[in-house]
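Breakdown of the fold
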Amino acid sequence: QYLRVTMATIKCKAIQANAGGGAIDTLHEVDVEVAAPVGRQLRVRVHAVGMNPVDCKCRAVGGLAGPVVQFGYDASGVVEAVGADAKFFRVGDAVYYSGEINKAGTNAEYHLVDERIVGRKPAALSHADAAAVPLVAITAWEGLFESMRLDASGAGRDADLVVLVVNGAGGVGSIAIQLAKTFMRARTVVATASRDATVAWCKKMGADHVINHREPLKPQLDALGVARGADVVLDLVDVDSNFDAVVDATAPGGAIYAITHGGGALDATKLFIPRRASLHWGFMFARPMLDWDAHKQHALLNRVAQAYDDGELAPIAAVTKAYSVDELRAAHTLQESGKSMGKIVLVVVPDGDAAAGGAAAAAASK
């Protein structure tokens, strides 16, 4: 699809924040150079980027894993060049991925990424819908099927376990509901939401029941006939903000998966005694940061892509914007408002404009 493939450095536009962090209005456009890929790297012409809460946190403090000013941790695009050792992809392949939190993010026209954390883009999805998926799918998958070691085969060995997804209308919640239904074959997935729109969204994602996380959880589970509590709990808000309520809603021998923390203290003993339940922590950037079986994220994203292509998963992008500084600022504002649902996506290259992307690649490398 590209007019010319080159291994030269490419100049392009990117959106960055100020070093050391800052407010939303510090986001600004800059010219950057994206080097030729080496080793197992890919250089990707970015077609769409996804927005996540971690973007806001990184912008505010100047990076969570070192001094980074270019954020963005979801992308869908087309491989424009490959390193000498690349094995999984070749030029022209459509891909999707999250990236690495300690390196330059995806908020740019071109991006370098290790192919071991890249999956093939679902053929059934547009680049915009594909860009919504990687970070949240990896987060939910690693919690359900790696940390808690639930059955992802589709055979239904864990189908009778009750799954509770706190903040079901968020990005991770939106895909977690679906992974539990599709891969676990879970018969009972309970999501939490507090507004009519988010309740409807959770049901659209496949939740069997929706309860209000602004009210005590356990009595609502009791009313559903889940008197012992949930066997699997994904607590997708700051775990220190609701830990007591979540523990109370967890069944004996159950498991809680948490992904974010507001800095408060946790008394974990109430989870262990007498419930003998467990607490698992998610950090989806761990594999690439620590060079820890990073290829497993490639395999994971390919499995999710196949599920999309088989019609088993629904898109989770709720808001789509054109890529610009103003729209990225608006996306940060919406993300921080607490009113967003699903994922926010910004389109860099509209679907159907691949030829234009190729022309840009040829021109930028001259």
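The sections below set out a description of the structure shown in this document. What you see is a predicted model; the values in this text were computed from it and never measured.

**Re the overall build of the chain**
Helix and strand counts for the chain come out as twelve helices and 15 strands. Relative to its length of 366 residues, the chain is compact, with a C-alpha radius of gyration of 20 Å against a globular reference of 21 Å. The dimensions of the chain, computed from C-alpha atoms along their principal axes, are 65 × 45 × 35 Å. Looking at the chain residue by residue over its 366 residues, the buried ones come to 54%. Long-range pairs, those at least 24 residues apart, make up 71% of the contacts in the chain with a sequence separation of at least 6. In the structure as shown, the chain presents an accessible area of about 14500 Å², 51% of it carried by carbon and sulfur atoms. Counting 36 positive and 40 negative side-chain charges, the chain places the centres of these two groups 2 Å from one another.

**Digging into the environment of Q335**
Residue position: Q335 is located in helix α11 (residues 325-337). C-alpha separation for the pair Q335 and L271, spaced 64 residues apart in sequence, amounts to 31 Å. Excluding residues within four positions of it along the chain, Q335 makes contact with M51, N52, P53, C56, S340 and I344.

**A short note on the sheet that holds strand β13 (residues 278-281)**
The parallel open sheet is built from six strands, whose spatial order is β10-β9-β8-β11-β12-β13. A strand with exactly one partner marks an edge of an open sheet, and here the two such strands are β10 (209-211) and β13. If you compare each strand with its neighbour and ignore which way they point, the axes differ by 20° on average. Bridge analysis of strand β12 (residues 250-260) against β13 gives four bridges, and the strand direction is parallel. Counterpart to A255 in the pairing with β13 is S278. Helix-sheet contacts for helix α3 (residues 134-147) involve β11 (230-238), β12 and β13, and the interaxial angle to β12 is about 145°.

**Regarding a nonpolar patch on the surface**
A surface patch of nonpolar side chains, about 550 Å² in accessible area, is lined by W281, F283, M289, L290 and W292. Mapped onto the elements, W292 comes out in the loop between α9 (286-290) and α10 (295-309). In this structure W292 comes out as partly exposed when scored by relative accessible area, which is 46%.

**A look at the packing of helix α1 (residues 53-61) against α11**
Orientation of α1 relative to α11, taken along the N-to-C sense of each, is 105°, at an axis distance of 9 Å. It follows that α1 is roughly perpendicular to α11 by the angle criterion. Along the contact surface, α1 presents P53, D55, C56 and R59, while α11 presents H332, Q335 and E336. Classifying every residue of the contact of α1 with α11 by side-chain character gives two nonpolar, two polar and three charged.

**Some details on unusual backbone geometry**
Cis geometry is adopted by the peptide bond preceding P274, which originates at I273 and carries an omega value of 5°. Phi angles above zero are rare outside glycine, and N167 is one such case at about 75°. Counting through the fold element by element, N167 comes out in the loop between β8 (162-166) and α4 (171-184). Among the residues examined, N167 registers a relative accessible area of 25% and is labelled partly exposed.

**Some thoughts on the packing of aromatic side chains**
For the coordinates displayed, the defined rule picks out five aromatic pairs. Geometrically, the ring pair formed by Y73 and F285 is edge-to-face, given 5.4 Å between the ring centres and 75° between the ring planes. Of this pair, Y73 sits in the loop between α1 and β4 (75-82) while F285 sits in the loop between β13 and α9, placing them 212 residues apart in sequence. Look at Y73 and you get buried, because its relative accessible area is 0%.

Parameters and conventions
Residues numbered from 1 in each chain as written. Predicted model: local features only at pLDDT ≥ 70, side-chain atom pairs only at ≥ 80, totals over all residues. Heavy atoms only, no water. Helix = DSSP H or I, 4+ residues; strand = E, 2+ residues; numbered from the N terminus. Rg over C-alpha atoms; globule rule 2.2 N^0.38 Å. Buried < 20%, exposed > 50% of the residue type's maximum accessible area, 1.4 Å probe, protein only. Contact = heavy atoms within 4.5 Å. Areas by Shrake-Rupley, 256 points an atom, 1.4 Å probe, with all protein chains shown as cover. Lys, Arg positive; Asp, Glu negative; His and termini not counted. Charge placed at Lys NZ, Arg CZ, Asp CG, Glu CD. Pairing = 2+ DSSP bridges. Axes fitted to C-alpha atoms, helices over the stretch in contact; angles between N-to-C directions. Patch = residues over 30% accessible without salt bridge, like charges linked within 9 Å, V, L, I, M, F, W, Y side chains within 5 Å. Salt bridge = Lys/Arg side-chain N within 4 Å of Asp/Glu carboxyl O. Parallel < 35°, antiparallel > 145°, perpendicular 65-115°, else oblique. Nonpolar A, V, L, I, M, F, W, Y, C, P; charged D, E, K, R; others polar. Phe/Tyr/Trp six-rings, centres within 6.5 Å; stacked < 30°, edge-to-face > 60°.

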